Amino acid sequence: MRRKRDQNFGIRWLRDLLCGVLIGAGAILPGVSGGVLAVVFDIYRPFMEVLTHPREAIPKYWRWFLPIGLGGAIGFLGFAKGIAAAIDVSSTVTTWLFIGLIVGTVPSLFREAGKEGRSLGSWISMAVCAAAIFFSLFYVGKVICVTVEPNFWWYNFCGALWGMSLVIPGMTSSSVMMALGLYQPMLEGLARLDFLVLSACLPGMVLTILLLARLVSWFFRKHYSIAFHGIFGIVLASTLVIIPTSYVGAWEIVLSAVCCIGGFLLAFFMARLDKRIQENGGV
């Protein structure tokens, strides 16, 4: 029995490390919300519990802190340079990889949304949130053409956007930064660990998370089905918005398909790991 528990602990640790890497990388990638990936990987609710009720949640979830935190740091800071290089080679292929990851977790997310039933308000919430996110991101990405000069306060604003993307699933902070011309300077600063960028964005991120966590958590506690169906609509809409529509050649189409399938299989594999852990009695 002890050997089985140790094996489950190792599997969970590696799974959580990988989830943390993907969530951190998702916060960097344009059009992908770190909060959405936290939801689909079943990390969002424990994360919110730790923020809102630390005394009760920390003893319950302390095993998650190291792998998820380490993975998030690797994905957010370590992948900044790699993602910047990948986007330079082909932003289309990189985006399709994350689309595959999200699509692979949609079935489990839909089941989670209906865990406490589905009312008319749940379906309305899903439709309204999907429409609001889709048209707002379309407006920011296709209509507004505003650029700003990067400085300390704008980097602080970027940190606040990243904090919102973690607490509010579906908030695609990188897309907003791209619309304002802040994304590339921010990414380059993170890649070289620039002190100005780090000292500006981290306080904004932490403060935003702390201010919004209780409000968002309260809404989930009081209106679970409505809130989760709203998130499901946000996931669908934010995924549709980032689907690439132009390709430089046949090689990019093929590579995009391969990466999308790979992302889907990775998400499926992670779901199987969770199922195996649950069948063996958890960790």
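The structure under discussion appears in the preceding block.
What you see is a predicted model, and the numbers here were worked out from it, not measured in a lab. (Residues numbered from 1 in each chain as written. Predicted model: local features only at pLDDT ≥ 70, side-chain atom pairs only at ≥ 80, totals over all residues. Heavy atoms only, no water.)

## A word on the overall build of the chain
Next, step 1: If you tally the helices and strands in the chain, you get 11 helices and 0 strands.
Next, step 2: Its helices and strands taken in sequence order, the chain reads α-α-α-α-α-α-α-α-α-α-α from the N to the C terminus.
Next, step 3: Considering only residue pairs separated by 6 or more positions, the chain has 83% of its internal contacts joining residues 24 or more positions apart. (Helix = DSSP H or I, 4+ residues; strand = E, 2+ residues; numbered from the N terminus. Contact = heavy atoms within 4.5 Å.)

## Observations regarding the side chain of Thr208
Next, step 1: On the secondary structure map, Thr208 appears in helix α9 (residues 195–222).
Next, step 2: Ignoring anything within four residues of it in the chain, the contact list for Thr208 reads Ala160, Gly163 and Met164.

## Topic: the packing of helix α3 (residues 44–52) against α9
Next, step 1: Here α3 crosses α9 at 115 degrees, and the two axes come no closer than 9 Å. The crossing of α3 and α9 is left-handed. Here α3 contributes Tyr44, Phe47, Met48, Leu51 and Thr52 to the contact with α9, which in turn contributes Ile209, Leu210, Ala213, Arg214, Val216, Ser217 and Phe220.
Next, step 2: Looking at the contact of α3 with α9 residue by residue, the class counts come to 9 nonpolar, 2 polar and 1 charged. (Axes fitted to C-alpha atoms, helices over the stretch in contact; angles between N-to-C directions. Left-handed = near helix turned anticlockwise from the far one by under 90°. Nonpolar A, V, L, I, M, F, W, Y, C, P; charged D, E, K, R; others polar.)

## Topic: the packing of aromatic side chains
Next, step 1: For the structure shown, the criterion picks out 6 aromatic pairs.
Next, step 2: Ring centres 6.4 Å apart and planes at 45 degrees place the aromatic pair Phe110 and Trp123 in the tilted group. Here Trp123 lies in helix α5 (residues 120–142) and Phe110 lies in helix α4 (residues 54–113), a separation of 13 residues in the sequence.
Next, step 3: Pairing Phe134 with Phe135 gives two aromatic rings, centres 5.4 Å apart and planes at 90 degrees, and the pair type is edge-to-face.
Next, step 4: The exposure class assigned to Phe134 is partly exposed, which follows from its relative accessible area of 28%.
Next, step 5: Here the aromatic residues Phe110, Trp123 and Phe232 are joined through ring pairs into a cluster of three or more. (Phe/Tyr/Trp six-rings, centres within 6.5 Å; stacked < 30°, edge-to-face > 60°. Buried < 20%, exposed > 50% of the residue type's maximum accessible area, 1.4 Å probe, protein only.)

## Structural notes on helix α10 (residues 224–241)
Next, step 1: Spanning 18 residues, α10 covers 26 Å between terminal C-alpha atoms, matching the ideal 26 Å at 1.5 Å per step.
Next, step 2: Most of α10 is tucked away: 14 of the 18 residues are buried. (Expected span 1.5 Å × (residues − 1).)

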